Amino acid sequence: GQEERHGECRRVVDSGADNLVVGTIGCFRLVRDFGSRRGQLVAAAAFAASPLVWNGLGRGDVEASIALAGLPFVFGRLARASGLKPFVSAHGLQPGGWSARGLIADVAPLGLLLAVVVSLAPATLVDVGVLVVACLVASLAVSGLRGLLRGALVGFGGIVVAFVCCLPWSLS
């Protein structure tokens, strides 16, 4: 009855609040390479104040909350993989390196992150595809073809890893 609905409502609110915190931390970490603590705080505050986040929370849309919480982490991985300044490679190799080890070091964590996010909010895969294309366009405008190709390879490689990790659900 009503107690069950109240319990379900409480779980949705708790889940949305958790995703708000995770997304805020993700935005804080996203701009850490910019070298400004104030910039990190502004990015985190901008995410926390975003109407998208609060609308999803207000509607009880858990999938939207999960997608928004995961996207700063996905974008950070893509930006670091492209080698665009000021982002630096997470594994210490030269940005834009084409070694198999460097590519795997970028593709595997991105794919696992996407697998977790997409398993909880499947529509996020479309958002990630749009994000990959946006990163490609930005990379082409800023750093030329080299960053574009590496960012595309890592982005699409991450999507393939996520697809494989989510089998057999990926096929339905």
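Preceding this section is the structure that the text describes.
Model, not experiment: these values are computed from the prediction.

A. Structural detail: the nonpolar core. Core analysis: the largest hydrophobic core is formed by 20 residues, its most contacted members being Val74, Leu78, Leu110, Leu114, Val128, Leu131 and Val154. Residue assignment for this core shows that the elements contributing at least two residues are α4 (62-82), α5 (100-120), α6 (124-143) and α7 (145-165). If you look at the next biggest cluster of nonpolar residues, it comprises 9 residues, including Val31, Ala43, Ala79 and Phe87.

B. Geometry of the side chain of Gln40. Within the secondary structure, Gln40 sits in helix α2 (residues 37-49). Among the polar contacts listed, one links the side chain of Gln40 to the backbone oxygen of Phe28, at a separation of 3.1 Å. What Gln40 contacts, discounting residues up to four positions off in sequence, is Phe28, Val31 and Arg32.

C. Seen up close, the layout of surface pockets. One number sums up the size of the largest pocket: a volume of about 220 Å³. Together, Val118, Ser119, Pro122, Leu125, Ile159, Ala162, Phe163, Cys165, Cys166, Trp169, Ser170 and Ser172 line the largest pocket. Every element with two or more residues in the lining of the largest pocket is listed here: α5 and α7. Here the lining of the largest pocket is composed, by residue class, of 9 nonpolar, 3 polar and no charged. If you add up the space inside the second largest pocket, you get close to 180 Å³.

D. Layout of α4. Taking 1.5 Å per residue as the helical rise, α4 with its 21 residues ought to reach 30 Å, and the 30 Å between its terminal C-alpha atoms agrees with that figure. At Leu71, α4 is deflected by roughly 30°, the largest bend along its length, and proline Pro72 occurs up to four residues later in sequence. Taking the backbone nitrogen of Glu63 as reference, a side-chain oxygen 3.4 Å away marks Asp61 as the first, capping residue of α4. Looking one or two residues beyond α4, the residue adopting positive phi is Gly83, at roughly 80°.

E. Main features of the pattern of salt bridges. With the rule as written, the count across this model stands at 3 salt bridges. Residue Arg80 pairs with Asp33 through a salt bridge whose shortest N-O separation is 3.2 Å. Taken together, the residues span a long stretch of sequence, with Arg80 in helix α4 and Asp33 in the loop between α1 (2-30) and α2 at a distance of 47 residues. Residue classification places Arg80 among the buried positions, given a relative accessible area of 9%. Salt-bridge contacts for Arg59 lead to Asp61; the nearest nitrogen and oxygen are separated by 2.9 Å.

F. Inspection of α2 at higher detail. Helix length check: α2, at 13 residues, gives a terminal C-alpha distance of 18 Å against a target of 18 Å (1.5 Å per residue), a fit within 8%. Regarding α2, the residues found buried are Gln40, Ala43, Ala44 and Phe47. Down the axis of α2, the buried set is contained in an arc of 95°. They therefore lie on one face. Opposite its buried face, α2 presents the exposed residues Arg38, Leu41, Val42 and Ala49, each directed more than 90 degrees away.

The rules behind each value
- Residues numbered from 1 in each chain as written.
- Predicted model: local features only at pLDDT ≥ 70, side-chain atom pairs only at ≥ 80, totals over all residues.
- Heavy atoms only, no water.
- Core = buried A, V, L, I, M, F, W, Y, C linked by side-chain atoms within 4.5 Å.
- Buried < 20%, exposed > 50% of the residue type's maximum accessible area, 1.4 Å probe, protein only.
- Helix = DSSP H or I, 4+ residues; strand = E, 2+ residues; numbered from the N terminus.
- Polar contact = N/O pair within 3.5 Å; in protein donor to acceptor, adjacent residues only side chain to side chain.
- Contact = heavy atoms within 4.5 Å.
- 1 Å grid on protein atoms, 1.4 Å probe; cavity = no way out; pocket = protein on both sides within 12 Å on 5 of 7 lines; lining within 4 Å.
- Points joined across faces, edges and corners; volume = space filled by probe spheres on them.
- Nonpolar A, V, L, I, M, F, W, Y, C, P; charged D, E, K, R; others polar.
- Expected span 1.5 Å × (residues − 1).
- Bend = angle between axes of the 7 residues up to and from the residue.
- Salt bridge = Lys/Arg side-chain N within 4 Å of Asp/Glu carboxyl O.
- Arc of directions from axis to C-beta.

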